Number of protein chains: 2
Amino acid sequence: MVRWAPGVEDRLRAAALELFAELGFEQTTVAQLAARAGVTERTFYRYFTDKREVLFAGSERLQQEMVAAVRSAPSGSLVSELVPTALDALGQLFTAERRPYARRRQAVLQAQPALQERELLKLASLKAALAEAIAERDVDPERAALAAEVAVGVFSVSFGRWLAAEEDSDLVALQRAALAELPGLVHR
Amino acid sequence: MVRWAPGVEDRLRAAALELFAELGFEQTTVAQLAARAGVTERTFYRYFTDKREVLFAGSERLQQEMVAAVRSAPSGSLVSELVPTALDALGQLFTAERRPYARRRQAVLQAQPALQERELLKLASLKAALAEAIAERDVDPERAALAAEVAVGVFSVSFGRWLAAEEDSDLVALQRAALAELPGLVHR
């Protein structure tokens, strides 16, 4: 019995983007989402806890990859090395093929405060996970918290630039450029 | 007719802290809040749009003071001068007398995800307002957005340190120390 049919998750995600844009987020039901993706409601709930979560399932993976990268950095890594390590791991997940989906998702989010709130919660959770991972690498927890704030701030701004940019831009490169900009923003 | 009786807002805030801690946020009604503060429900709604907002009314003022400070900075100010200007304006609002309230408020927030969400929204709004104010000072908008991310990140972390610190710590000083820490977090 194939419970986790390949492609179902992607189909549900595409269906959510379509329906949230067509009907609005509040008006869309899980039954409609499931129908549009060609699955039952019961199948929907095997993948996602609620309709909001469909657009945020990817954030689990972001967090895992980022934490794994920090954990597997060479021993004795400085916090100034862990920050770009974490950012590169995030950036590599957003390949050029993901941009069209990411742009459409962004447009749906901008129209819907409830989705923006969930996005802020996910970013806060990413930040907390990163702070913890950095602190585990022998960094003072307060310093790790500040590093995580900076890293997630760089990610947010660079992600916005990436969404707006021409086709050939690369999130890893944008994040590195933003990191290099930082000292000039705080040093007189 | 004195509609805005002195102290009513503070009494409602104190009542909210007490009742959210005693009964939980969900269980507390506006009627109970008003009664505890010795006012009518109607009076409550002259001050706040909902029970959640009682703990966030101060954030309007934070935003106004911060934006005003950036706007009134000397002409030709660099972004590296506007960031500490904005932070100092924020920090000065949190005097030592405000700490006991701020600590109790934090404890209530930590127990209540719905309040944490509102806090994240307020921080996002603070960030957007700061980015706009900095961009109005002849700074490239993307650079202004990055500066605002950094500034609000420094505020968040420093505010946590301030809440946890001994009585004589000062938020302005904590923020300056965090700003000074930043370059070392990103430079190898």
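Quick notes on the rules
Residues numbered from 1 in each chain as written. Chains lettered and ligands numbered in written order. Predicted model: local features only at pLDDT ≥ 70, side-chain atom pairs only at ≥ 80, totals over all residues. Heavy atoms only, no water. Helix = DSSP H or I, 4+ residues; strand = E, 2+ residues; numbered from the N terminus. Buried < 20%, exposed > 50% of the residue type's maximum accessible area, 1.4 Å probe, protein only. Contact = heavy atoms within 4.5 Å. Areas by Shrake-Rupley, 256 points an atom, 1.4 Å probe, with all protein chains shown as cover. Least-squares fit on C-alpha atoms with pLDDT ≥ 70 in both. Polar contact = N/O pair within 3.5 Å; in protein donor to acceptor, adjacent residues only side chain to side chain. Phe/Tyr/Trp six-rings, centres within 6.5 Å; stacked < 30°, edge-to-face > 60°. Lys NZ or Arg CZ within 6 Å of the ring centre and 35° of its normal. Buried area = accessible area lost by both parts, 1.4 Å probe. Salt bridge = Lys/Arg side-chain N within 4 Å of Asp/Glu carboxyl O. Nonpolar A, V, L, I, M, F, W, Y, C, P; charged D, E, K, R; others polar. pLDDT = per-residue confidence, 0-100. Axes fitted to C-alpha atoms, helices over the stretch in contact; angles between N-to-C directions. Parallel < 35°, antiparallel > 145°, perpendicular 65-115°, else oblique.

Counting its regular elements, chain A contains nine helices and zero strands. The order of α-helices and β-strands along chain A, N terminus first, is α-α-α-α-α-α-α-α-α. A principal-axis box enclosing the C-alpha atoms of chain A has dimensions of 55 × 35 × 30 Å. For chain A, the residues scored as buried account for 51% of the 188 residues in total. Intrachain contacts of chain A at a sequence separation of at least 6 include 67% that bridge at least 24 residues. With an accessible surface of roughly 9200 Å², chain A has 52% of that area assigned to carbon and sulfur atoms.

Its rotation angle being 180°, the transformation that places chain A on chain B also includes 0.0 Å of axial translation and leaves an RMSD of 0.0 Å. Taken together, the turn and the small shift mark the pair as related by a two-fold rotation axis. Relative to the rotation axis, the C-alpha of A:Pro183 is the closest in chain A, positioned 2.6 Å from it. Comparing interface residues between copies, 100% of those in chain A also sit at the interface in chain B, which points to an isologous, same-surface contact.

Residue and element names in this part refer to chain B. Positionally, Ser77 belongs in the loop between helix H4 (58-71) and helix H5 (79-93). Classification of Ser77 as buried rests on a relative accessible area of 13%. Only 2.5 Å separates the side chain of Ser77 from the backbone oxygen of Pro74, close enough to count as a polar contact.

Once that is clear, we can look at the packing of aromatic side chains. A full pass over the atoms with the stated rule returns 18 aromatic pairs over all chains. An angle of 70° between the planes, with centres 5.7 Å apart, marks the rings of B:Phe94 and B:Trp162 as edge-to-face. Of this pair, B:Phe94 sits in the loop between H5 and helix H6 (99-110) while B:Trp162 sits in helix H8 (residues 141-164), and the two are 68 residues apart along the sequence. A relative accessible area of 8% places B:Phe94 in the buried class. On the accessibility criterion, B:Trp162 (1% relative accessible area) is buried. Taken together, the ring pairs in this structure connect A:Phe44, A:Tyr45, A:Tyr47 and A:Phe48 into an aromatic cluster. Looking at B:Arg105, its charged tip hangs above the ring of B:Phe56, at a distance of 4.9 Å from the centre.

Contacts between the two partners involve 31 residues from chain A, matched on the other side by 31 residues from chain B. Between chain A and chain B the total buried area reaches about 3000 Å² when both faces are included, carbon and sulfur atoms providing 69% of it. For the pair chain A and chain B, the interface holds four salt bridges. Note that B:Glu181 and A:Arg143 form a salt bridge whose closest N and O atoms lie 3.9 Å from each other. The tally of links from chain A across to chain B stands at two residue pairs in polar contact (both at pLDDT 80 or more). At the level of secondary structure, the elements contributing two or more residues to the side of chain A that touches chain B comprise helix H5 (79-93), helix H7 (113-135), helix H8 (141-164) and helix H9 (171-186) of chain A. Looking at the side of chain A that touches chain B, the element that brings in the most residues is H8(A), giving 12 residues. Its residues assigned to classes, the side of chain A that touches chain B shows 18 nonpolar, five polar and eight charged.

What follows covers the pattern of salt bridges. Residue and element names in this part refer to chain B. What the rule picks out here adds up to 30 salt bridges over all chains. Two residues, Glu18 and Arg36, come together in a salt bridge whose shortest N-O distance is 2.6 Å. Of this pair, Glu18 sits in helix H1 (residues 8-23) while Arg36 sits in helix H2 (residues 30-37), and the two are 18 residues apart along the sequence. You can call Glu18 partly exposed: its relative accessible area is 31%. The class for Arg36 is partly exposed, based on a relative accessible area of 39%.

Further remarks concern the confidence of the model for chain A. Note that predicted coordinates carrying low pLDDT should not be read in detail. Per-residue pLDDT for chain A has a mean of 91; in total, 96% of the residues score no lower than 70. Predicted complex, confidence summary: ipTM 0.86, pTM 0.88.

Further remarks concern the side chain of B:Gln175. Note on placement: B:Gln175 falls in helix H9 (residues 171-186). Apart from the residues lying within four places of it in its own chain, the contact partners of B:Gln175 are B:Leu87, B:Asp88, B:Gly91, B:Val154, B:Phe155 and B:Ser158.

A separate point is the packing of H5(A) against H9(B). When two helices pack together, their arrangement is given by the angle between the helix axes and by the axis-to-axis distance. Packing of H5(A) against H9(B) brings their axes to within 6 Å, and their N-to-C directions diverge by 70°. Put simply, H5(A) runs roughly perpendicular to H9(B). In contact with A:Val79, A:Ser80 and A:Val83 of H5(A), H9(B) contributes B:Gly184, B:Leu185 and B:Val186.

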